[in-house]
Amino acid sequence: MRIRSFALALAVAAATLAALAPSAAADQPVTTITRFDRTSTFPAGPNACAFPFLIHTEGALRETVFSSGKDVTHAVDFHITYTNPANGKSLSTVLAGPFVVEPNADGTVTVTINGNDGHITAPGEGTIFADVGKLVYIADPSDVFTPLALLKSTGRQDASQFPATCEGLA
């Protein structure tokens, strides 16, 4: 009798697990990895340097989107190097994150960036630009990189890396 009870309990447990499996699989997050290895020229201009410079971007972005709409992007071994081809000087930074985007009921999103999202040092000068610490802001979902309202800013978030980057490359 005990063997039948155990077999029946095992069959019921297996049937329950089989019934739940499709719904559990539907709730799994979707992860995409985008690899970068590119070099482009940043042109001279009024909001940049008086000279063009090269930007080499190398690494990967790992984006995970959850069924709740939460979107988390991590930079994976992500480096950016700026080089002035006229004199060979270069500056680099490592990007980290994570960059977390969560939907809000009003149609906006809350963006949270923990960690290092840009830290440029120049030889003999130390830090010339930093966007490090914790940054939390509200944004339009069509442009998650432009804050509509700042909620929290700790650490150092310089508004622009120019003209400091230009001085480091000159």
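Description of the structure in this document. These figures come from a predicted structure and were not determined experimentally. (Residues numbered from 1 in each chain as written. Predicted model: local features only at pLDDT ≥ 70, side-chain atom pairs only at ≥ 80, totals over all residues. Heavy atoms only, no water.)

What follows is about the overall build of the protein chain. In terms of regular secondary structure, the protein chain is built from two helices and eight strands. Order of helices (α) and strands (β) in the protein chain, N terminus to C terminus: α-β-β-β-β-β-β-β-β-α. Here the protein chain holds 170 residues, and the buried ones make up 29% of them. In the structure as shown, the protein chain presents an accessible area of about 10,500 Å², 60% of it carried by carbon and sulfur atoms. (Helix = DSSP H or I, 4+ residues; strand = E, 2+ residues; numbered from the N terminus. Buried < 20%, exposed > 50% of the residue type's maximum accessible area, 1.4 Å probe, protein only. Areas by Shrake-Rupley, 256 points an atom, 1.4 Å probe, with all protein chains shown as cover.)

A few words now on the packing of aromatic side chains. For the structure shown, the criterion picks out five aromatic pairs. With centroids separated by 5.6 Å and ring planes inclined at 70 degrees, the aromatic side chains of phenylalanine 36 and phenylalanine 78 adopt a geometry described as edge-to-face. Here the residue phenylalanine 36 occupies a position in strand β1 (residues 30-42), and phenylalanine 78 occupies one in strand β3 (residues 71-83), the gap between them amounting to 42 residues. No difference in accessibility class separates phenylalanine 36 from phenylalanine 78, as the two residues are buried. Their ring planes at 45 degrees and their centres at 6.3 Å tell us that phenylalanine 53 and phenylalanine 162 sit as a pair that is tilted. One end of the pair, phenylalanine 53, is in strand β2 (residues 53-65); the other, phenylalanine 162, is in the loop between β8 (143-157) and α2 (164-169), and 109 residues separate them in sequence. Exposure class is identical for phenylalanine 53 and phenylalanine 162. Each is buried. Taken together, the aromatic side chains of Phe42, Phe53, Tyr82 and Phe162 make up a single cluster linked through ring pairs. (Phe/Tyr/Trp six-rings, centres within 6.5 Å; stacked < 30°, edge-to-face > 60°.)

This part is about the side chain of threonine 93. Among the structural elements, threonine 93 can be located in strand β4 (residues 90-95). Side-chain polar atoms of threonine 93 contact the backbone nitrogen of histidine 119, separated by 2.7 Å. If sequence neighbours within four positions are ignored, threonine 93 has contacts with Phe78, His79, Ile80, Gly118, His119 and Ile120. (Polar contact = N/O pair within 3.5 Å; in protein donor to acceptor, adjacent residues only side chain to side chain. Contact = heavy atoms within 4.5 Å.)

Applying the stated rule across the entire model yields one salt bridge. The salt bridge involving arginine 156 is made with aspartate 158; its shortest N-O contact spans 3.0 Å. The partly exposed category is assigned to arginine 156, whose relative accessible area is 35%. By relative accessible area, aspartate 158 is classed as partly exposed at 25%. (Salt bridge = Lys/Arg side-chain N within 4 Å of Asp/Glu carboxyl O.)

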